[in-house]
Amino acid sequence: MASPTLVAEGQKPKGPKPPIPLSVLTGFLGSGKTTLLNRILKDPSMADTAVIINEFGEIGLDHLFVDQAGDGIVELASGCLCCTIRGDLVTTLENLLRRLDNGRMDRLNRVIIETTGLADPAPILHTVMLHPYLVMRYRLDSVITLVDAVNGLSTLDNHEEARKQAAVADRLVFTKTDLVQDEEARASFDALKQRLQQLNPGARRLDAQANDATVENLFNAGLYDPKSKIPDVAAWLNAEAYEDQQHDHHHGHDHAHGHSQGHHHGHDHAHAHDVNRHSDAIRAFTLSTDRPVPASALEMFLDLLRSAHGPKLLRVKGIVQLAEDPERPVVIHGVQHVFHPPATLEAWPDADHRTRMVFITKDLPEGFVRRMFEAFSGALLPDTPDHQALTDNPLVVSGFTSPVR
Ligand SMILES: Nc1nc2c(ncn2[C@@H]2O[C@H](COP(=O)(O)OP(=O)(O)OP(=O)(O)O)[C@@H](O)[C@H]2O)c(=O)[nH]1
């Protein structure tokens, strides 16, 4: 007779429910969010999706509403659910879980939060990352940012929120490319693509008109591939995409490096980075090392970075080889000052065991972050403050004016 602890074939073992993937759909006013949502919600693979929209966005999906329930959640003709953020986002996300847990809803496969056009998506991500219960039940999948091919460039120039929306994205979706017809529009679209390449080289780009903004391409941008259950670190980090950016920056560094030899009075070299500083406040870069990082060093590095410079960290992702446990990498993921609880993977997904981190920062130069990391991780450079000095007095790293290597 089978032991009662054995699970019959095909029956799911009892245990915590797998976290529900959660995506944020953002993009400036009129960029086509509702249009895209209406399209993808018709896809059969989007069944059992819940969409959370703000009051303003409600109108576009109206024709799909069939049933209004008491808790402000409506059922769409497609079988998906829709609710608006009336109280706060936490309550809305909790209400969805309550429905699922008390059986009023059979399945909840995915949640999409559509932001208002003017919103900075970071606080939405923080809501999930900071809440001790929600962070267990939901997992951040993708930030999808829509960019209007015609007006996108001027929107980026004129609106800080639009730049943040682009910088934080995992997926950048161009809309209205059908309207890019004449020479001028094509030039503007090319410039837009270049600008986005600087702001966020790692995001995958899709074109809504070319129909590559499919469910498959838009979602599953998180670390775990839900089909294989194997973390796809390379795709998630996409560190290679940052290489062109770094190439440009390194010209600046080489220059500064020459100056810094034999000097450690960084203030003499205040101009080393001015060109980059004024060209665009947002930068994207990677750090990597093949030296295992002590856990305490990682913790101090991240703590200092987020406490002193949190608002300047638009997005940080990384995989770290710890000195204490080099076979089990730690994954880090932060949006501004908020970091997701670090996750330990059971093994390295591929042969590349280096620590790699990608950063998108605003007003925080690469050289500064790099030197801080090198000081903490033990990869000391000549003439840089040592790690003990940094711990005692983090202000030793004087930031913008010091020479970069
Ligand atoms: N030509 C063209 N028009 C589009 C495309 N995508 C959206 N539109 C149009 O652009 C307008 C705005 O689209 P919405 O989907 O309402 O944009 P939104 O981002 O939801 O707008 P807000 O909620 O007001 O921020 C609508 O008139 C759409 O029909 C596209 O790819 N091509």
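Residues numbered from 1 in each chain as written. Predicted model: local features only at pLDDT ≥ 70, side-chain atom pairs only at ≥ 80, totals over all residues. Heavy atoms only, no water.

**Focus: the UniProt feature "domain: CobW C-terminal" (unreviewed entry) in the protein chain**
Phase 1 of the analysis: Here, UniProt's "domain: CobW C-terminal" (unreviewed entry) annotation points to residues 282-377.
Phase 2 of the analysis: From the first C-alpha to the last, residues 282-377 spans 25 Å; its make-up is 28% helix and 35% strand. (UniProt positions renumbered as here; feature names shortened; annotations may be inferred. Helix = DSSP H or I, 4+ residues; strand = E, 2+ residues; numbered from the N terminus.)

**Description of the site of the ligand**
Phase 1 of the analysis: In the region of the ligand, 14 residues are neighbours, and Lys-33, Thr-34, Thr-35, Asp-178 and Gln-209 sit closest.
Phase 2 of the analysis: Lys-33 places a side-chain nitrogen or oxygen 2.9 Å from an oxygen atom of the ligand.
Phase 3 of the analysis: In the model, an oxygen atom of the ligand is placed 2.7 Å from a nitrogen or oxygen of the Gln-209 side chain.
Phase 4 of the analysis: Compared with its free state, where it exposes 650 Å², the ligand has 63% of that area covered by protein.
Phase 5 of the analysis: Of all the elements, helix α1 (residues 33-40) adds the most residues to the shell around the ligand, at 3 residues.
Phase 6 of the analysis: Among the residues forming the shell around the ligand, the class breakdown is 3 nonpolar, 7 polar and 4 charged. (Near = heavy atom within 4 Å. Polar contact = N/O pair within 3.5 Å; in protein donor to acceptor, adjacent residues only side chain to side chain. Areas by Shrake-Rupley, 256 points an atom, 1.4 Å probe, with all protein chains shown as cover. Nonpolar A, V, L, I, M, F, W, Y, C, P; charged D, E, K, R; others polar.)

**Focus: the side chain of Asn-217**
Phase 1 of the analysis: Secondary-structure assignment places Asn-217 in helix α8 (residues 215-218).
Phase 2 of the analysis: Look at Asn-217 and you get buried, because its relative accessible area is 16%.
Phase 3 of the analysis: Every residue in contact with Asn-217, bar those within four places of it in the chain, is listed here: Arg-171, Arg-204, Leu-206 and Asp-212. (Buried < 20%, exposed > 50% of the residue type's maximum accessible area, 1.4 Å probe, protein only. Contact = heavy atoms within 4.5 Å.)

**Quick word on the environment of Val-147**
Phase 1 of the analysis: Tracing the backbone through its elements, the reader meets Val-147 in strand β7 (residues 138-148).
Phase 2 of the analysis: Residue class for Val-147 comes out buried when judged on its relative accessible area of 8%.
Phase 3 of the analysis: Excluding its chain neighbours within four sequence positions, the residues that come into contact with Val-147 are Gly-152, Leu-172, Val-173, Phe-174, Thr-175, Leu-192 and Leu-196.

**What to know about the side chain of Asn-200**
Phase 1 of the analysis: With respect to the helices and strands, the residue Asn-200 is situated in the loop between α7 (183-199) and β9 (204-207).
Phase 2 of the analysis: At 3.0 Å, the side chain of Asn-200 forms a polar contact with the backbone oxygen of Ala-167.
Phase 3 of the analysis: When neighbours within four sequence positions are excluded, Asn-200 is seen to be in contact with Ala-166, Ala-167, Val-168, Ala-169, Leu-172, Tyr-242 and Ile-360.

**Some thoughts on helix α12 (residues 295-309)**
Phase 1 of the analysis: Helix length check: α12, at 15 residues, gives a terminal C-alpha distance of 21 Å against a target of 21 Å (1.5 Å per residue), a fit within 8%.
Phase 2 of the analysis: Every buried residue of α12 is listed here: Ala-297, Leu-298, Phe-301, Leu-302, Leu-304, Leu-305 and His-309. Projected onto a plane normal to the axis of α12, the buried residues spread over an arc of 165° and lie on a single side. Exposed residues lying more than 90 degrees from the buried face of α12 are Glu-299 and Ser-307.
Phase 3 of the analysis: In the core, the buried residues of α12 are packed alongside β10 (282-289), β11 (313-320), β12 (330-335), β13 (338-339), β15 (355-362) and α13 (366-377). (Expected span 1.5 Å × (residues − 1). Arc of directions from axis to C-beta.)

**Description of the domain arrangement of the protein chain**
Phase 1 of the analysis: What the domain assignment lists for the protein chain is domain 1 (20-222) and domain 2 (282-381).
Phase 2 of the analysis: Of the residues lining the interface, 20 residues belong to domain 1; the matching set on domain 2 comes to 16 residues.
Phase 3 of the analysis: Across the domain 1 to domain 2 interface the summed buried area is about 1400 Å²; carbon plus sulfur atoms make up 69%.
Phase 4 of the analysis: Run the count over domain 1 and domain 2 and you get 3 salt bridges.
Phase 5 of the analysis: Lys-317 is the salt-bridge partner of Asp-170, the closest N and O atoms lying 3.0 Å from each other.
Phase 6 of the analysis: A per-element tally of the side of domain 1 that touches domain 2 places helix α3 (residues 122-130) first, with 5 residues.
Phase 7 of the analysis: Classifying every residue of the side of domain 1 that touches domain 2 by side-chain character gives 12 nonpolar, 3 polar and 5 charged. (Domains from an automatic or database assignment. Buried area = accessible area lost by both parts, 1.4 Å probe. Salt bridge = Lys/Arg side-chain N within 4 Å of Asp/Glu carboxyl O.)

**Focus: the nonpolar core**
Phase 1 of the analysis: Leu-156, Leu-172, Leu-192, Leu-196 and Ile-360 are the most contacted members of the largest nonpolar core, which has 32 residues in total.
Phase 2 of the analysis: In terms of residues, this core owes the most to one element, α7, which gives 5 residues.
Phase 3 of the analysis: Structurally, this core is a two-domain feature, drawing no fewer than three residues from each of domain 1 (20-222) and domain 2 (282-381).
Phase 4 of the analysis: Setting aside its immediate chain neighbours within four residues, Ile-360 contacts Ala-167, Leu-199, Asn-200, Tyr-242, Ile-282, Arg-283, Ala-284, Lys-312, Leu-313, Leu-314 and Arg-315. (Core = buried A, V, L, I, M, F, W, Y, C linked by side-chain atoms within 4.5 Å.)

**A word on the pairing of strand β1 (residues 20-27)**
Two faces make up the sheet, and in a regular strand the side chains alternate between them.
Phase 1 of the analysis: Most of β1 is tucked away, with 8 of its 8 residues classed as buried.
Phase 2 of the analysis: Burial of β1 is two-sided: the residues Ile-20, Leu-22, Val-24 and Thr-26 facing one way and the residues Pro-21, Ser-23, Leu-25 and Gly-27 facing the other way are all buried.
Phase 3 of the analysis: As judged from the 7 bridges shared by β1 and β7, these two strands associate in the parallel manner. Its bridge partner lying in β7, Leu-25 is registered against Ile-144. (Pairing = 2+ DSSP bridges.)

**Some points on the environment of Ala-122**
Phase 1 of the analysis: With respect to the helices, strands and loops of the structure, Ala-122 is situated in helix α3.
Phase 2 of the analysis: With 72 residues separating them in the primary sequence, Ala-122 and Gln-194 have C-alpha atoms 24 Å apart.
Phase 3 of the analysis: Beyond its immediate stretch of four places on either side in the chain, Ala-122 contacts Val-335 and Gln-336.

**Side note on the packing of aromatic side chains**
Phase 1 of the analysis: Applying the stated rule across the entire model yields 4 aromatic pairs.
Phase 2 of the analysis: Judged by centre distance (5.3 Å) and plane angle (15°), the ring pair of Phe-285 and Phe-359 falls under stacked. Of this pair, Phe-285 sits in strand β10 while Phe-359 sits in strand β15; the two residues are 74 residues apart in sequence, bridging distant segments of the chain. Take Phe-285 and Phe-359: they sit in the same class, and that class is buried.
Phase 3 of the analysis: Ring centres of Phe-301 and Phe-373 lie 5.1 Å apart, and the angle between their planes is 65°; this geometry places the pair in the edge-to-face category. Highlighted residues: Phe-301 in helix α12 and Phe-373 in helix α13, separated in sequence by 72 residues. Judged on exposure class, the residue Phe-301 and its partner Phe-373 are both buried.
Phase 4 of the analysis: Put simply, the rings of Phe-301, Phe-373 and Phe-376 pair up and form one aromatic cluster. (Phe/Tyr/Trp six-rings, centres within 6.5 Å; stacked < 30°, edge-to-face > 60°.)

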